[in-house]
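Read off the chains here:
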Amino acid sequence: MKRFATLAAVCVLAVPALAQDIGYSTSEPLQLPRDTFFGQTMGVATNSKGNVFVYTRDGEPTITLGGARAFAHGGSSLYEFAPDGKLIRRIGSQQVYGFLAAQQVRVDKHDNVWVVDRYSNMVIKFAPNGRIALLLGRKPEAVEVPSSPDAGQGTPPGSGAQSDLFRSPTDVAWDAQGNIFVADGVGNARVAKFTSEGVFVKSWGSRGNADGQFKTAHAIAVDASGNVYVGDRGNNRIQVFDNDGNFKSSITTGGDPEAICISPGAHQYLYSSNSNHQNDLDHGGEIYKLELNGTVVGKFGRAGKGPRDFGSVNAIDCRNANALFVAEAGNWRVTKVTLR
């Protein structure tokens, strides 16, 4: 009997503690014109003035094949809203060459707006005045389509070429010096680093589940010390690297991260969305609030269609650590989440 009791105690201790639920409320403050809808909402970000930017798949990209090149146009739009939710402007699918299939939008500390487009394979930087300031990658119709998805003979799958050409990029982030980090995470499985001027420096990663490898490098963020956090969707972890791409640690307490965000300020928090799988809309869906070392502060939400639920979260804006904006690709909406 004593032996059984001891074994039972050991089993109880081996079970991880459940994450504490965080109180929260939700709203949908962004106001679209009548009979206008977001479509598949992929990215959301705010600037220092409180304006909200939404990058969404609200059209149908048209693609024509011609030999080794693909010619495409249309498909996505970038919206800007005032802090009170009123629409300021829409940069539509017919106006921007690289807007095909929205993937992400981010705003840096200088209020530059960065758009990541999955089909055009481009990262586009807009200055605060709306002018295009920098382009990374090339639209497929502008380059020869390679015969093989990998970089060459003997190259690990998903590692891509050591260059600034992407294959379905997913996210972008920066360090304090302005260096640019792009998650080139669907066609490839790598992170590409650039200088602040857009000069390619290096890339790291390949397809797999070992340290430094990715199933899908789906989300990326950089902390105040310059460490790079990569949401490794499919491997149920966030991998942490130093500024040069050397593996440091793996965080497995944030679910299967489709979206991650690091808040600013003296005490930074890491948010991770355990987004429901595209083939299972009823499980998962919660968002975790973590310390940078992976310690769980708490969690909130679940998969679903209701006003307090989340459907396939693809982006989190955490400029305010307690007032988040969440882009729900599955529910076609942007939700403001206020934590208590």
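The structure displayed is predicted, hence computed values, not measured ones. (Residues numbered from 1 in each chain as written. Predicted model: local features only at pLDDT ≥ 70, side-chain atom pairs only at ≥ 80, totals over all residues. Heavy atoms only, no water.)

1. A few points about the sheet that holds strand S6 (residues 77–81)
Piece 1. Judged by pairing direction, the sheet is antiparallel, and its 4 strands sit side by side in the order S2-S3-S6-S7 without closing on themselves. Strands with a single pairing partner mark the edges of an open sheet, and in this sheet they are strand S2 (40–46) and strand S7 (87–91). When the angles between neighbouring strand axes are averaged without regard to direction, this sheet yields 20°.
Piece 2. Taken together, the 4 bridges between S6 and S7 define a ladder with antiparallel strand orientation. (Pairing = 2+ DSSP bridges. Helix = DSSP H or I, 4+ residues; strand = E, 2+ residues; numbered from the N terminus. Axes fitted to C-alpha atoms, helices over the stretch in contact; angles between N-to-C directions.)

2. Focus on the sheet that holds strand S12 (residues 171–174)
Piece 1. In space, the 4 strands of this open sheet follow the order S12-S13-S14-S15, with antiparallel pairing throughout. The open sheet has two edge strands with one neighbour each: S12 and strand S15 (200–204). Recorded for the sheet is a direction-independent mean angle of 20° between the axes of neighbouring strands.
Piece 2. Across 5 bridges, the pairing between strand S13 (residues 180–184) and strand S14 (residues 190–194) is antiparallel. From the neighbouring strand, Asp184 faces S14, where its bridge partner is Arg190.

3. Considering the packing of aromatic side chains
Piece 1. What the rule picks out here adds up to 14 aromatic pairs.
Piece 2. With a centroid separation of 6.2 Å and an interplanar angle of 25°, the aromatic rings of Tyr79 and Phe81 are classed as stacked.
Piece 3. Tyr79 gets classed as buried once you look at its relative accessible area, which sits at 2%.
Piece 4. Ring centres of Phe241 and Phe247 lie 6.0 Å apart, and the angle between their planes is 75°; on these two criteria the pair is classed as edge-to-face.
Piece 5. Here the guanidinium or amino end of Lys139 rests over the ring plane of Tyr97, the centre of that ring lying 3.8 Å away.
Piece 6. Above the ring of Tyr269, the side-chain terminus of Lys289 is found at 4.2 Å from the ring centroid. (Phe/Tyr/Trp six-rings, centres within 6.5 Å; stacked < 30°, edge-to-face > 60°. Buried < 20%, exposed > 50% of the residue type's maximum accessible area, 1.4 Å probe, protein only. Lys NZ or Arg CZ within 6 Å of the ring centre and 35° of its normal.)

4. Focus on the environment of Arg89
Piece 1. Assignment of secondary structure puts Arg89 in strand S7.
Piece 2. It is 9.9 Å that separates the C-alpha atoms of Arg89 and Phe53, two residues lying 36 residues apart in sequence.
Piece 3. Once you skip the residues sitting within four places of it in the chain, Arg89 turns out to touch Leu78, Tyr79, Glu80 and Gly130.
Piece 4. At 2.9 Å, the side chain of Arg89 forms a polar contact with the side chain of Glu80. (Contact = heavy atoms within 4.5 Å. Polar contact = N/O pair within 3.5 Å; in protein donor to acceptor, adjacent residues only side chain to side chain.)

Fair warning: the whole summary comes from geometry, so function is off the table for now.
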